Every structure is written in C-alpha cells, then in structure tokens.
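If you want the building blocks of each chain, they are given just below.
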Amino acid sequence: MQIQFKLLTSLILLFISGTIYAQSLSIVGGGNYTSVEVTSARSDTYSSKIGFHAGAYLDYVLKKDKSNELVIETGLLFDAKGAVQELSGVNIEYNTSLYYADIPLYLKYRYRFRSLNKVYVGVGPYVGMGLFGTIKGTGEDYSEKETVRWGSSTGDDHFKRLDYGLSARVGFLSVGGLDFAVSYDYGLPNISSLNDNDEMKSRMIRLSVGYHFSLVD
C-alpha cells in the first residue's frame, strides 16, 4: 500500500500545482459503466460492471471570441473499474474490482449561447495508474477473495499497473456553473498479466455531474 499511497499523493500534489496556471476548475463525480474487451482461446463470458468516479478538471483557454472557445483541459480522477468473468464449463464467477487514478488531457471546443450556457466536446489521450483492487470468486461450494497483484510477471501477477488510451468528452455547462458530461475511454494496451494467450483491454463510459468555477478574476 505504500507504493499506491506515494503514487496517489504525488499525482494530487502535481494536480494542485497545476492550479497556478489554470483559469477554471471543475469538481466532478458520477457513475461508470466499465467493461473489458477480451481476446482469448477460451470461451469464458465477460460482463460489465457499474462503478463510480470522483475528481477534478482544470481548464486553460487558448483562444476565444464572442461565441467560441478553444481550451486545454486536464484532470485527475479516481475511477472504479472492473468486470465479471464467468468460467466456461464450470459454475464459477470472478468479480474483479480495479481502482485507478486516471489523468485525461483534452483539446476542447466550447460554444457559448446568448444565454451564456455552453456546450463542449473534447478529445485526447489519457493515462491511468492502478492503485488497488480485489478479485472475488464464487461458485457452488467455492468462495475466495484476494487482493490484486499489480505487475507484468505472467502467472504471478494479475494486472499491469499502467493503462492508457484515447478519450472523448461531451457536455453542457450552465451559466450557473453546473456541469453535465459524458465521456468514453478506449484503452489501448493489454492490461492482463494472467497468461500469455489472453488480451484484456479497458473500456469505460462516465456520466458526470459537477460544478465549474473560475480561478481568475
């Protein structure tokens, strides 16, 4: 847990230092719909999970006129992810819960209406670092729970700690500061260390509600 604590603390301090240059801050939270895309010779079934997220975004406006804004946005999010695996041929289910610190970076376009409400769309990369997780196995006369082992040692570890990919975010920002958004993360690397024959890639949809306020006069 010391590694996870140091990693999370470093990310939080880095994010706080970014407020020096940012022009606005959004505090957000909401629900996640998470799944994995699996390539495997086995016929196991994987189903999605419902999770949650909480965190913040920082904005820096690059260019704007009366109605249009071009913005750089980054964030720090605590995300609950995972999936449920049903083993083929046996009545055993593995419920995997993974908790990540995710850092997205968006190039965002905002359009401002006469009412001063805004809509926006952003695209860019994200990087995620696995913090902790659990795997719970259940079945007839079977029950087991273990802590996720992060690493790249095939057969000894469960998941690789590093995840990254592409992200898109669209939303509505009210004149009063309420921020409603949906985002989608498309993971690129294989995050599984279970064996050499399986590939597992992260997929996630976020539904967010937040409050946006200015950091400058």
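A few points on the structure. (Residues numbered from 1 in each chain as written. Predicted model: local features only at pLDDT ≥ 70, side-chain atom pairs only at ≥ 80, totals over all residues. Heavy atoms only, no water.)

**Things to note about unusual backbone geometry**
Inference 1: Even without being a glycine, Leu116 presents a positive backbone phi close to 80°.
Inference 2: For Leu116, the location among the structural elements is in the loop between β5 (92-112) and β6 (118-139). (Helix = DSSP H or I, 4+ residues; strand = E, 2+ residues; numbered from the N terminus.)

**Description of the environment of Ser67**
Inference 1: Inspection of the secondary structure assignment puts Ser67 in the loop between β3 (49-64) and β4 (68-86).
Inference 2: A C-alpha to C-alpha distance of 9.0 Å links Ser67 and Lys118, two positions 51 residues apart in sequence.
Inference 3: When sequence neighbours within four positions are dropped, the list of residues in contact with Ser67 reads Arg110, Tyr111 and Arg112. (Contact = heavy atoms within 4.5 Å.)

**Topic: the side chain of Asp157**
Inference 1: With respect to the helices, strands and loops of the structure, Asp157 is situated in the loop between β7 (142-147) and β8 (162-173).
Inference 2: Despite its burial, Asp157 pairs with no opposite charge; the closest candidate is Arg149, at 4.7 Å N-O.
Inference 3: Polar side-chain contacts of Asp157 include one of 3.3 Å to the backbone nitrogen of Ser152. (Buried < 20%, exposed > 50% of the residue type's maximum accessible area, 1.4 Å probe, protein only. Lys, Arg positive; Asp, Glu negative; His and termini not counted. Salt bridge = Lys/Arg side-chain N within 4 Å of Asp/Glu carboxyl O. Polar contact = N/O pair within 3.5 Å; in protein donor to acceptor, adjacent residues only side chain to side chain.)

**Quick look at empty space enclosed by the protein**
Inference 1: In total, this model carries 1 cavity of 30 Å³ or more according to the counting rule given.
Inference 2: One number sums up the size of the largest cavity: a volume of about 60 Å³.
Inference 3: In terms of lining residues, the largest cavity is bounded by Thr34, Ser35, Val36, Lys81, Gly82, Leu98, Tyr100, Ile191, Ser202, Arg203 and Met204.
Inference 4: Contributions of two or more residues to the lining of the largest cavity are made by β1 (24-39), β4, β5 and β10 (199-214).
Inference 5: A class-by-class count of the residues in the lining of the largest cavity yields 5 nonpolar, 4 polar and 2 charged. (1 Å grid on protein atoms, 1.4 Å probe; cavity = no way out; pocket = protein on both sides within 12 Å on 5 of 7 lines; lining within 4 Å. Points joined across faces, edges and corners; volume = space filled by probe spheres on them. Nonpolar A, V, L, I, M, F, W, Y, C, P; charged D, E, K, R; others polar.)

**What to know about the pairing of β1**
Inference 1: Pairing analysis gives 16 bridges linking β1 to β10, with the strands arranged antiparallel. Paired with Ser24 across the strands is Ser214, a residue of β10.
Inference 2: Two strands pair when backbone bridges link them, and β1 and β3 are joined in this way by 11 bridges, in the antiparallel orientation. Bridge pairing links Ser24 to Asp59 in β3. (Pairing = 2+ DSSP bridges.)

**Notes on the packing of aromatic side chains**
Inference 1: Per the stated rule, a full pass over the model turns up 9 aromatic pairs.
Inference 2: Taken together, a centroid distance of 6.4 Å and an interplanar angle of 75° make the contact between Tyr94 and Tyr142 edge-to-face. Here Tyr94 is found in strand β5, whereas its partner Tyr142 is found in strand β7, with 48 residues between them in sequence.
Inference 3: Between the aromatic rings of Tyr111 and Phe113, the centroid separation amounts to 5.1 Å while the plane-to-plane angle is 85°, which identifies the pairing as edge-to-face.
Inference 4: Counting every residue linked through ring pairs, the aromatic cluster contains Phe52, Phe78, Tyr99 and Phe132.
Inference 5: The cationic tip of Arg203 hangs over the ring face of Tyr186; the distance from NZ or CZ to the ring centre is 3.7 Å. (Phe/Tyr/Trp six-rings, centres within 6.5 Å; stacked < 30°, edge-to-face > 60°. Lys NZ or Arg CZ within 6 Å of the ring centre and 35° of its normal.)

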